[in-house]
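As a plain string of letters, each chain reads:
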Amino acid sequence: MSGKITLLQGDITELKVDAIVNAAKNSLLGGGGVDGAIHRAAGPKLLEYCRTLNGCETGQAKITPGFDLPAAYVIHTVGPIWHGGDQGEADLLASCYRESLKLAAEQGLKSVAFPAISCGVYGYPVQQACEIAINATSQFLSKDSSIRKVIFCAFDKPVHQALMQALDSQK
Ligand code: ADP
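Throughout what follows, the structure given in this document is the object of discussion. (Residues numbered from 1 in each chain as written. Predicted model: local features only at pLDDT ≥ 70, side-chain atom pairs only at ≥ 80, totals over all residues. Heavy atoms only, no water.)

Moving on, we get to the state of the cysteines. Evaluated as defined, the whole model comprises zero disulfides. There is no disulfide at C56, and the cysteine sulfur nearest it, in C96, is 8.1 Å away. There is no disulfide at C130, and the cysteine sulfur nearest it, in C119, is 5.0 Å away. (Disulfide = S-S within 2.5 Å.)

Now for the nonpolar core. Counting residues in hydrophobic clusters, the biggest one holds 38 residues, and the most contacted among them are I75, Y97, F114, I134, I147, F152 and L163. Put simply, the parts of the chain that give this core at least two residues each are β1 (5-9), β2 (19-23), β3 (61-65), α3 (89-106), β5 (111-114), α4 (126-143), β6 (149-154) and α5 (157-170). Those residues in contact with I147 that lie beyond four places of it in its chain are K4, L101, A104, A105, L109, K110, F140 and L141. (Core = buried A, V, L, I, M, F, W, Y, C linked by side-chain atoms within 4.5 Å. Buried < 20%, exposed > 50% of the residue type's maximum accessible area, 1.4 Å probe, protein only. Helix = DSSP H or I, 4+ residues; strand = E, 2+ residues; numbered from the N terminus. Contact = heavy atoms within 4.5 Å.)

This next bit is on unusual backbone geometry. The phi dihedral of N54 falls on the positive side, at around 60 degrees, and the residue is not glycine. A positive phi is found at S118, a non-glycine position, where the angle reads about 70 degrees. Here S118 lies in the loop between β5 and α4. The buried category is assigned to S118, whose relative accessible area is 5%.

Its 18 residues give α4 an end-to-end C-alpha distance of 26 Å, which sits within 8% of 26 Å, the value for a rise of 1.5 Å per residue. The set of residues buried in α4 consists of A129, C130, I132, A133, I134, A136, T137, S138, F140 and L141. Of the surrounding elements, those touching the buried residues of α4 are β1, α3, β6 and α5. (Expected span 1.5 Å × (residues − 1).)

Bringing the sheet that holds β2 into the picture now. One open sheet accounts for six strands, arranged β1-β6-β5-β2-β4-β3; its pairing is mixed. Edge positions in the sheet fall to β1 and β3, since each of these pairs with one other strand and no more. Direction aside, the axes of adjacent strands within the sheet are offset by 25 degrees on average. The pairing of β3 with strand β4 (residues 73-77) spans five bridges and is classified as antiparallel. Note that in β4 the partner of I63 across the bridge is I75. Packed onto the sheet, α5 meets β1 and β6 and runs at close to 160 degrees relative to β1. (Pairing = 2+ DSSP bridges. Axes fitted to C-alpha atoms, helices over the stretch in contact; angles between N-to-C directions.)

Below, the structure is given as C-alpha cells:
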C-alpha cells in the first residue's frame, strides 16, 4: 500500500490535489503555521464557511471547499498537543490520519495531501509523529482501494527526512 504514498518538500497550499489536509485548531477559526497559510491562500470565504461548522474535536476531521486554492477541498483535522506522550497523543494523531482519509473516501476523492500534523507549535516529536502518519495511512490504504494517491508534504528538511525514514522502515 505504500506504493500509493509519495513524499515531497514544499508548500501544501500550492498542490493541485483533490484535498489538502489542514492541521487546524479546535475552533476551526484559523491560526498560525500551515493553518494560516491555508486560510491566506483559500481566501476569506474559507473562514466564513468554517464559522458554520461548530469546531472540531481533537482526532476528528471536517471537510470544506478549497475556495481559491488549487485543491478542490480542505479537510480540517485537529492534532493533539504533545504533553509527554501519556495522554493518548499517539491514538489521537493516528485518528487524525484515519478520519481525514475516511472523509476523503466518502466524498470519492482520489488524491489527498497531508502536512505533518502536530509537528509545529503542537510540539509532537517529529520522528514519532511521522511513523504514526505513515503507519496509520498505510493501514487505511490497505483496506480502502478508492484513494489512489496520498502525498506527505513536508515544509522543512527534518520533517521530510523523518518521513523518508518512516516510509523506508515500513517496506
Ligand atoms: P500543529 O499546530 O498541528 O503543530 P503547525 O502548522 O504549527 O501545526 O505545524 C505543522 C507542520 O506544518 C509543521 O511541520 C510546519 O513546518 C508545517 N507547515 C507550515 N506551513 C506549511 C505549508 N505551507 N505547507 C506544508 N507544511 C507547512
